[in-house]
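Each chain is listed here by its residues.
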Amino acid sequence: MELAIGIILGCCALGAGLAMIAGIGPGIGEGNAVAKACEAIARQPESKGSVTTTMLMGCAIAETTGLYALVIAILLMFVAPNILVDILVKTISSL
Amino acid sequence: MKEKDLRFKIVDILLVLMMTVPIILGIVLQVMTEPPASGVQITGARIFFTIPMPLQDFPVTESQVNSLIVMIVLLGFCLYITHGLSEKADLKRQHLAEFIVEKVDSLVKENMGDFFASFTPFIISILALSALSSLLSLFGLYPPTSDINIVGGWAVLVFVLITYYKLKAGPLAYMKSFTQPVALLTPINIISEVATPVSMAFRHYGNVLSGAVISVLLGTALGGLSSMILGKLPGFLADIPLFQVGIPAVLSIYFDVFSGCLQAFIFAMLTMMYVAGGFPEEEYKKKKSQKASKIKKIN
């Protein structure tokens, strides 16, 4: 019983950590976007306002995949263990 | 004239109370009902009580109460800055109200075109509601935007609006828009249509929630660090939270103030883009002109 609960908790934590590998993608993408925006502002300083607004929009959209991973990780950390342990306890007591 | 002035002042004071009292009541409620904290605590919204319902019990959570607080405060603010409007504009608050309305008006016209000029009240209320909900964490209250149910409701509202404006050119044109580049892509188009509100809700909620989680983790880590360094000292010196003073506030500026306002702006911006982008303007105009010519023929 304790071993099973330990395996559930450990695997949930491992899964959350693996899910957050997805943070790499948005990081690279947003870095590229900001670099290009810096270049654009350096070339045409008068277009700073519209470039900044567009860059923030693009960053927000590029961030979405990372946030999906974050939601999965948070579910795995704080929601899934309780549900899974409940299921385990129920099945063991019904045996 | 003097009597009117007195009345004006009394109404002013009442409106200011309307803006401040709900927040104070919320803090009092939070202090009274909060369970004693121990270690790292990251929980969802607490449930105050549940109302029994035939199909499913209806829980009244912290996020619902806090979003009601936000609505009352915003209503008070709007009544306050529009109280005593005049053509001479002799009150400072009128300039603020005009500034806000003009800014959002120009933003809506720039992004959505003239057809959607009447969208300003909706966009302004989404902006204000979302920004103030996220900023509520500055008072130590639970920000309603870090609950998926609240933000999901807004996203569903936006989805209904998008579909309504897509249907303006007739249901046939709406069906046809799913098979747009090739008929083979229809399932993918349907998935992307459904993914719009999901991604909007997750984006806003994930950003606010991740800020809250990082703040809690950092606060706990700094507490551990200061007790590790000062823990060996005798007496009350061991309890001094050396690193917990000031450092979390710097991060709070980014995660609470900047990120909250940015997410509100992005949510409003995406609403405008999706609604204006999904609207088939040419087909709508064609349909309208056809209708007009039909009416002319009958006449």
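One can find the structure itself at the top, above this paragraph.
Just so we're clear, the structure is a prediction, and the values are computed from it rather than from any experiment. (Residues numbered from 1 in each chain as written. Chains lettered and ligands numbered in written order. Predicted model: local features only at pLDDT ≥ 70, side-chain atom pairs only at ≥ 80, totals over all residues. Heavy atoms only, no water.)

Check the secondary structure of chain B and you find 9 helices and 2 strands. Secondary structure elements of chain B, listed N to C terminal, follow the sequence α-β-β-α-α-α-α-α-α-α-α. Taken across its 299 residues, chain B has 35% of its residues classed as buried. Excluding contacts between residues fewer than 6 apart, the proportion of contacts in chain B whose partners are at least 24 apart in sequence is 65%. (Helix = DSSP H or I, 4+ residues; strand = E, 2+ residues; numbered from the N terminus. Buried < 20%, exposed > 50% of the residue type's maximum accessible area, 1.4 Å probe, protein only. Contact = heavy atoms within 4.5 Å.)

A few words now on the interface of chain A and chain B. Facing 13 residues of chain A, the contacting portion of chain B comprises 17 residues. One can count 3 residue pairs in polar contact (both at pLDDT 80 or more) joining chain A with chain B. Per-class residue counts for the side of chain A that touches chain B are 10 nonpolar, 2 polar and 1 charged. (Polar contact = N/O pair within 3.5 Å; in protein donor to acceptor, adjacent residues only side chain to side chain. Nonpolar A, V, L, I, M, F, W, Y, C, P; charged D, E, K, R; others polar.)

Residues and elements named next belong to chain B. Within the element layout of this structure, Phe202 appears in helix α7 (residues 186-230). A relative accessible area of 23% places Phe202 in the partly exposed class. C-alpha separation for the pair Phe202 and Gly44, spaced 158 residues apart in sequence, amounts to 15 Å.

All names here are of chain B. Counted by the stated rule, this structure contains 4 salt bridges over all chains. A salt bridge links Lys285 to Glu281, with the shortest nitrogen-to-oxygen separation between them at 3.9 Å. Separated by 4 residues within a single helix, Lys285 and Glu281 lie in helix α9 (residues 281-298), roughly one turn from each other. Residue classification places Lys285 among the exposed residues on the basis of a relative accessible area of 53%. Judged by its relative accessible area of 42%, Glu281 is partly exposed. (Salt bridge = Lys/Arg side-chain N within 4 Å of Asp/Glu carboxyl O.)

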